[in-house]
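These are the residues of each chain, in order.
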Number of protein chains: 2
Amino acid sequence: MVENKEIIMQELQEVVGSKYVRCDETEISIYTRTMGRLEDLGLRIRGMPVTAKADFVIYPENAKQVSEILKIANKHKIPVVPYGGGSAVFTGSVVPVYGGIVLETKRMDKVKYIDEDSLVVTAEAGIELFKLEEELNKRGFTHGHFGGGFYCTTLGGGIATNGAGRLSPKYGKIGDAVVGLEVVLPNGEIIRTLHVPHHSTGPELSRLFIGSEGILGVITEATIKIYPLPEERLFMSFLFPSVRNAFRAARMIIKQGLKPSLLRVHDENGWAFAPEFRYMRKELSLPEEKGSIMLLMFEGPSEIVKASERVTSAICKREEGKDLGGEPAKFWLDHAWWYFYPRRGPRPFWYGVVETATLFRNHEKLYFALKETLQSKYKDMIIMCDSTHHWHTGASLYFRMLLEKAPGNKSPIEVAEDIEDTAFRLFFKYGGTVSHHHNVGVRFAKYLPEQYGPAYQLLVALKKTLDPNNIMNPGKLVVI
Amino acid sequence: MVENKEIIMQELQEVVGSKYVRCDETEISIYTRTMGRLEDLGLRIRGMPVTAKADFVIYPENAKQVSEILKIANKHKIPVVPYGGGSAVFTGSVVPVYGGIVLETKRMDKVKYIDEDSLVVTAEAGIELFKLEEELNKRGFTHGHFGGGFYCTTLGGGIATNGAGRLSPKYGKIGDAVVGLEVVLPNGEIIRTLHVPHHSTGPELSRLFIGSEGILGVITEATIKIYPLPEERLFMSFLFPSVRNAFRAARMIIKQGLKPSLLRVHDENGWAFAPEFRYMRKELSLPEEKGSIMLLMFEGPSEIVKASERVTSAICKREEGKDLGGEPAKFWLDHAWWYFYPRRGPRPFWYGVVETATLFRNHEKLYFALKETLQSKYKDMIIMCDSTHHWHTGASLYFRMLLEKAPGNKSPIEVAEDIEDTAFRLFFKYGGTVSHHHNVGVRFAKYLPEQYGPAYQLLVALKKTLDPNNIMNPGKLVVI
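Each residue is numbered by its place in its chain's sequence as written, counting from 1. All chains are assigned letters beginning at A, and all ligands numbers beginning at 1, according to the order in which they are written. In keeping with the model being predicted, local features are shown solely for residues with a pLDDT of at least 70 and side-chain atom pairs are shown and tallied solely at 80 or more, while totals for entire chains, interfaces and linings include all residues. Excluded from the side-chain calculations are hydrogens and water; all other atoms, namely the structure's heavy atoms, are used.

Residues and elements named next belong to chain B. Any two strands between which DSSP finds at least two bridges are classified as paired. Helix and strand assignments follow DSSP, with helices taken as H or I runs no shorter than four residues and strands as E runs no shorter than two, numbered in order from the N terminus. Ordered by their spatial adjacency, seven strands build an open sheet running 15-12-14-13-17-18-16, and the pairing between neighbours is antiparallel. The open sheet has two edge strands with one neighbour each: strand 15 (322-323) and strand 16 (350-359). Note: strand 12 (residues 232-240) against strand 15, two bridges, orientation antiparallel. When the bridges of strand 15 are listed, Leu239 appears paired with Lys322. Where helix 15 (residues 412-429) meets the sheet, it contacts strand 16 and strand 18 (394-403), and its direction lies at approximately 10° from that of strand 16. Contact between two residues is taken to exist if any of their heavy atoms lie within 4.5 Å; hydrogens are not considered. A fitted line through C-alpha atoms serves as each axis, taken over the contacting stretch for helices, and the angle formed by two N-to-C directions is quoted from 0 to 180°.

Across a sheet, strands are paired by hydrogen bonds formed along the backbone, either parallel or antiparallel in direction. All names here are of chain A. The strand order 1-2-4-3 describes an open sheet built from four strands, whose pairing is mixed. Since the sheet does not close on itself, it has two edges, and those belong to strand 1 (21-22) and strand 3 (80-83), each with one partner. Pairing between strand 3 and strand 4 (residues 101-104): four bridges, direction parallel. Within the sheet, the bridge partner assigned to Tyr83 lies in strand 4 and is Glu104. Helix-sheet contacts for helix 4 (residues 63-76) involve strand 2 (56-58), strand 3 and strand 4, and the interaxial angle to strand 4 is about 170°.

With that settled, the discussion passes to the side chain of Glu182 of chain B. All names here are of chain B. Relative to the elements of secondary structure, Glu182 occurs in strand 8 (residues 178-184). Among the polar contacts listed, one links the side chain of Glu182 to the side chain of Thr220, at a separation of 2.7 Å. Sequence-distant contacts of Glu182, defined by excluding residues within four places in its chain, comprise Ala63, Ile190, Ile191, Arg192, Val218, Ile219, Thr220 and Glu221. N or O atoms within 3.5 Å of each other form a polar contact, as long as, within protein, one can give a hydrogen and the other can take it, and as long as residues adjacent in sequence are counted only when both atoms are side-chain atoms.

Turning our eyes to something else, we now look at the relation of the copies chain A and chain B. Our superposition of the copies is a least-squares fit, built on the C-alpha atoms of residues whose pLDDT is at least 70 in both. It takes a turn of 180° to lay chain A on chain B, together with a shift of 0.0 Å along the axis; the resulting RMSD is 0.0 Å. The transformation just described matches what one would write down for a two-fold rotation axis. With an isologous cut-off of 70% or more, the 100% of interface residues of chain A that recur at the interface of chain B puts this contact in the isologous class.

Our focus in this paragraph is helix 4 of chain A. Residue and element names in this part refer to chain A. Between the first and last residue of a helix there are one fewer steps than residues, each counted as 1.5 Å, and that sum is the expected span. The end-to-end C-alpha separation of helix 4 is 20 Å, in line with the 20 Å expected for 14 residues at 1.5 Å each. Using a 1.4 Å probe on the protein chains alone, a residue whose accessible area is under 20% of its type maximum counts as buried, one over 50% counts as exposed, and one in between counts as partly exposed. Of all the residues in helix 4, the buried ones are Ala63, Gln65, Val66, Ser67, Ile69, Leu70, Ile72, Ala73 and Asn74. Of the residues flanking the start of helix 4, the one acting as N-cap is Asn62, its side-chain oxygen 3.2 Å from the backbone nitrogen of Lys64. Within two residues after helix 4, Lys77 carries a phi angle of roughly 50°, on the positive side.

That's the geometry; what it means functionally is another story.
What follows is the structure, encoded as structure tokens:
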């Protein structure tokens, strides 16, 4: 509980009007948790108080108001947690672990300018990605960022956590799409980065805020790349005898310079056990054949798409991929959010996820090392792995792990702690990161000094310089 | 002249050995100028002493030595100018305007690791881009960065100035290719950024140093993307009735998602008067026809290249482009460095360049605004413009200006000052940057506060935090 609550309340009300500052129990409860099922667990693992509560929820409508709010927070030295969609399910990155102000950004939701020549859209940071997409679709464009949280993730939240959508090979991460940002710095100063990509006029300041998880300021507006809706979409699906073949084919697709919009590999367990593939096989009457599945999509001018199909097909066949046609990939994309709601089947004893990004030289090694290490520790665990975001130099690995029954007398928290720690040890050994697209938050912050080594001091210096009172989302990412 | 020169000399010699610290007149003279013909002019315009001289030239061979040198510089509070190829011809970005130490990086020139799976190369920062390319070619790869300074630019220098090569549409700027950096911070701390692209594990620290012009530290090693040498290269050339048609065709090529490796537009004056095109027309016996020329190249799997050719051809023909075949584009690329040496013809009264990057919505407007404004001021000036780097959202504009005779009684310096100032006023009006790929240096630093607005304070804060004694390349980019 902050001191001087009444005084602060009054000051905040003067900025946004009394209607837009809330401290009633209902509102506070809502903003004390994100939608993460795993979040309480994460907080308990980190020894953070699970009873953490915001003191205020505030709804500013523009950067000027955000600026005033941050000045008030500095004066009273109370935390400010910028809140987007609350869809960072694993990391608790918007949980107000030290109370203070939850700064809800969703009133800042206007599309300011769709620029069909420059292929950019400028919008306020609180707009949800699906709403922005709807506005763009009306004009024949797309932003291309269809992540798990598509229906709740905000533009600013996506950028602050550097999230990734299903079509990342073409559209990049949302951070890659940023052309320019408006940011309110912790001291209340409103800045605009240069809104021109690829210049040679100083370091690209936007990049400081991409993936910064709200610890360096509040993103209030973003200008990101858009793309014309494609002339043609072509789907392909291949079932490989093993994940090794699928990984090799994926690397060759990248190496040949092909530009798929979708390129996912799911290993044998993923194809066999993941609920979305059980559902797909049933709906499409696919045979119960073992293997590792690759789903692809190409978009663009018809001729390029067809040429890409021929080259890709040859690559996949050289790796003994069985052509399942376009339907599985299309079905998967059409049901990309089916997975999330409602829950399918009974709750297991434990379910968890770890995910990382690494260079291709370590990608396959890390896959086998982690799978074998965990499987030998937990014989009954089902370990499924997806390699779902392919870049020029490497890819993500996303492990879903399921224990139907308790292993010995371990509690779910003990299992989670053990598995996470085992995973991160191997991630670091094989040059992987704490996260490819889930972010760090409160849950994984303790791993950051090891991840960064001496460079961690640079992160700390940035944080201290920009936010000397440590008001911005304290306890997340960089803990000072 | 620094104080305690003898003492500093001795300390530096202890770090690198006496052979590798020089303060003889010859060496000092060499490192007091880059190869820029326009540099003295630039310094005079900025009122900087043209007689500025380094006190020491030092040749470290590794990051550890660089670290020790920076510690010595901090102790004595003397400037350190990291020196790459010295090929930033216009901006004086490595001129030691306040004396001190020129830190020559070219002994750090080893290729450490070519990773054919991850498609990256790790090399020390002092290696020249052409040498790195030779090493990669032996293994069937290319880095793809063929800028004007290809034969002298170093890897670290290219990254520190965020330079661009002729094949930027495919390979990006060299800054875009960075996967990870080793940097010695001004305080001597050696850090490595995360060597994984597209992660969600904090802001991408590499980006702080890309385009930082040596004011935030010394890049000592870089890991950048590489590409297999292409299966096929296909050239195309079109002559458009006007630059408007050529600009429109270029925008459509981008909008359709085509991926040329080379995409250049030269306006009517460029095609008519630029020495490289006079030479080309003569050598290829091309007709003396007026128009705006577009040069293209596609690389990759044969099928994709051929499909790209068909789509591009249709776009260019819709804009009344006359197909000149592949030969002009191939000739141009084969002679890409012909332009630089030796000088062709007599020295004019004045020759100058300004260049910028802007979004497509302003690109054509800025082109005409600047051309008309300058032409009305200087009737006899030949103004040639190239739009040579095309990105998803915008492109560069590169103006070459030539006055054979003095305009009235103005001196070359007065002409340069007037033209630069006129150009920058219009750049800012149309959302352009101080530079697309030449960088800022000492010459254009005075425009940065206006360019950045309130965000300039963030640049200043970064500089002051990382380099409290202001030893790193003072007087460049951000002047504190």
